[in-house]
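Coordinates in review
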Amino acid sequence: MADSTAHVTWSGSLLEGSGTIESVGSGVFSALPITWRARTGEEGGKTTPEELIAAAHASCFSMALSHGLAGDGTPPESLETSAIVTFVPGTGITKVALTVRGSVPGLDAAGFVAAAEAAVENCPVSKALAAVPEITVDAALA
Amino acid sequence: MPRIVREADIEWEGTTARGSGVVRATSSGAFELPSTIASRVEIHEGKTSPEELLAAAHATCFVTSLGSELARLGIPPERMHVNCTITMDEVEGQGHRIVHSAITARAVVPGADEATFAEAAAAADGGCPFSALIRGTATVTYEATLEGGS
């Protein structure tokens, strides 16, 4: 079992106020600024829940894919993944689009696509986000 | 309101077990973080993990929902503090699953009474898109405390 913790503070109203992700358990980042404007409009170097979810999903998927490829006897040299999360205020998160480019010695394009599709199925973040209507993956060898 | 799109990238070198990655906030440029499988399942050693990023996302989502509910009830908050702990566990026959997210909130809200604050916290829990999303597959709990309102 693994627990992960984050602390956030907020001052003022939603529209005019601002907040900070003060700390996370690993200590790898602190004091990330957050605002509603960043979430819905101009970003201005501030993060949002949806950007953090995109980072979580891209990370989880990359680990699952790397693990699957190694298990099939074709460990990757490198993987580059991006995740795009679409958020509709009032509706919620409607889509996650993953794109991965991989350098995998000894594996053909079809094999890589199959491994990527399996990784989307198996990654714990995908399972946690099962209620998202659309999760897609575009996989190709680099 | 228009659709909002946010993007993040990770570049991973090598296998899961021995390799490592760097997660970047592509949309905002707000962070660039190291990640490894050991930091995910063993000791974090100052590196992040998908679950820690989800904990940060849920805490951030909840704090904005709580703030907007309090404002809607005419008692805008002065300050709020939200903690989120995400638990991943091995579930028999299903591998690793995110099983629980626990929210703890404290807020300073001038003029608020306990009942109205509790109403806002319940509405925030119901309204936070991330809570709604992961309730499909995990349990979500929240505990909200009113602090030193005038």
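Residues numbered from 1 in each chain as written. Chains lettered and ligands numbered in written order. Predicted model: local features only at pLDDT ≥ 70, side-chain atom pairs only at ≥ 80, totals over all residues.

Some thoughts on the overall build of chain A
When its secondary structure is counted, chain A shows four helices and six strands. The secondary structure elements of chain A, listed N-terminal to C-terminal, are β-β-β-α-α-β-β-α-α-β. Considering only intrachain contacts with a sequence separation of at least 6, the fraction spanning at least 24 residues in chain A is 47%. (Helix = DSSP H or I, 4+ residues; strand = E, 2+ residues; numbered from the N terminus. Contact = placed C-beta atoms within 7 Å.)

With respect to the overall build of chain B
Counting its regular elements, chain B contains four helices and six strands. Its helices and strands in sequence order give chain B the pattern β-β-β-α-α-β-β-α-α-β, from N to C terminus. Counting all 150 residues of chain B, 48% fall into the buried class. Within chain B, contacts between residues at least 6 apart in sequence are counted, and of these 52% link residues at least 24 apart. (Buried ≥ 20, exposed ≤ 12 C-beta atoms within 10 Å, placed from the backbone.)

Quick word on the interface of chain B and chain A
Counting residues at the interface gives 77 residues for chain B, matched by 73 residues for chain A. Where the side of chain B that touches chain A is concerned, the elements lending two or more residues are strand 1 (4-13), strand 2 (20-25), strand 3 (32-35), helix 1 (37-41), helix 2 (50-72), strand 4 (79-91), strand 5 (95-108) and helix 4 (129-134) of chain B.

Focus: the domain arrangement of chain B
Much of the literature gives interface size as the accessible area that the parts lose upon coming together. Taken as a whole, chain B is organised into domain 1 (8-41) and domain 2 (50-147). The centre of domain 1 of chain B, based on its C-alpha atoms, is set 26 Å off from the matching centre of domain 2 of chain B. (Domains from an automatic or database assignment.)

Things to note about the environment of E69 of chain B
Residue and element names in this part refer to chain B. Of note, E69 is situated in helix 2. Among the residues examined, E69 registers 24 C-beta atoms within 10 Å and is labelled buried. Sequence-wise, E69 and T87 are 18 residues apart; in three dimensions their C-alpha atoms are separated by 27 Å. Excluding its chain neighbours within four sequence positions, the residues that come into contact with E69 are A120, A123, A124 and G127.

Re helix 3 (residues 114-127) of chain B
All names here are of chain B. Taking 1.5 Å of rise per residue, the 14 residues of helix 3 would be expected to cover 20 Å, and the 20 Å separating its terminal C-alpha atoms lies within 8% of that figure. F117, A120, A121, A124 and D125 are the residues of helix 3 that are buried. One side of helix 3 carries all its buried residues, which in axial view fall inside an arc of 135 degrees. Those residues of helix 3 that are exposed and aimed more than 90 degrees away from the buried face are A115 and G126. Against the buried residues of helix 3 lie helix 2, strand 5, helix 4 and strand 6 (139-147). (Expected span 1.5 Å × (residues − 1). Arc of directions from axis to C-beta.)

Details of the packing of helix 2 of chain B against helix 3 of chain B
Residue and element names in this part refer to chain B. Closest axis-to-axis distance for the helix 2/helix 3 pair is 8 Å, and the angle between their directions is 130 degrees. When the axes of helix 2 and helix 3 are compared, the pair comes out oblique. Judged by the twist between their axes, the crossing of helix 2 over helix 3 is right-handed. Contact residues: helix 2 offers F62, S65, L66, E69 and L70, while helix 3 offers A120, A121, A123, A124 and G127. A breakdown of the residues in the contact of helix 2 with helix 3 according to their chemical character gives seven nonpolar, two polar and one charged. (Axes fitted to C-alpha atoms, helices over the stretch in contact; angles between N-to-C directions. Parallel < 35°, antiparallel > 145°, perpendicular 65-115°, else oblique. Left-handed = near helix turned anticlockwise from the far one by under 90°. Nonpolar A, V, L, I, M, F, W, Y, C, P; charged D, E, K, R; others polar.)

Observations regarding the nonpolar core
Core analysis: the largest hydrophobic core is formed by 80 residues, its most contacted members being F62 and L66 of chain B. Ignoring sequence-local partners within four residues, the contact set of F62 of chain B consists of V82, I103, A105, A124, C128 and S131 of chain B. (Core = buried A, V, L, I, M, F, W, Y, C linked by C-beta atoms within 7 Å.)

Comments concerning the pairing of strand 4 of chain B
Residues and elements named next belong to chain B. Taken together, the 13 bridges between strand 4 and strand 5 define a ladder with antiparallel strand orientation. Paired with T85 across the strands is A102, a residue of strand 5. Counted between consecutive antiparallel strands, the loop separating strand 4 from strand 5 contains three residues, among which G93 sits at a positive phi close to 80 degrees. (Pairing = 2+ DSSP bridges.)

Some words on helix 2 (residues 49-71) of chain A
Residue and element names in this part refer to chain A. An ideal rise of 1.5 Å per residue puts 33 Å on 23 residues; helix 2 measures up with 33 Å between its terminal C-alpha atoms. The buried fraction of helix 2 amounts to 21 of the 23 residues, a majority that puts the element mostly inside the structure. Looking one or two residues beyond helix 2, the residue adopting positive phi is G73, at roughly 85 degrees.

Some remarks on the environment of H57 of chain A
All names here are of chain A. When you line up the elements, H57 lands in helix 2. By the C-beta count within 10 Å, which is 30 here, H57 ends up buried. In this structure the C-alpha to C-alpha distance between H57 and I34, which are 23 residues apart in sequence, comes to 20 Å. Those residues in contact with H57 that sit more than four places away from it in its chain are A83, V96, L98, V125 and L129.

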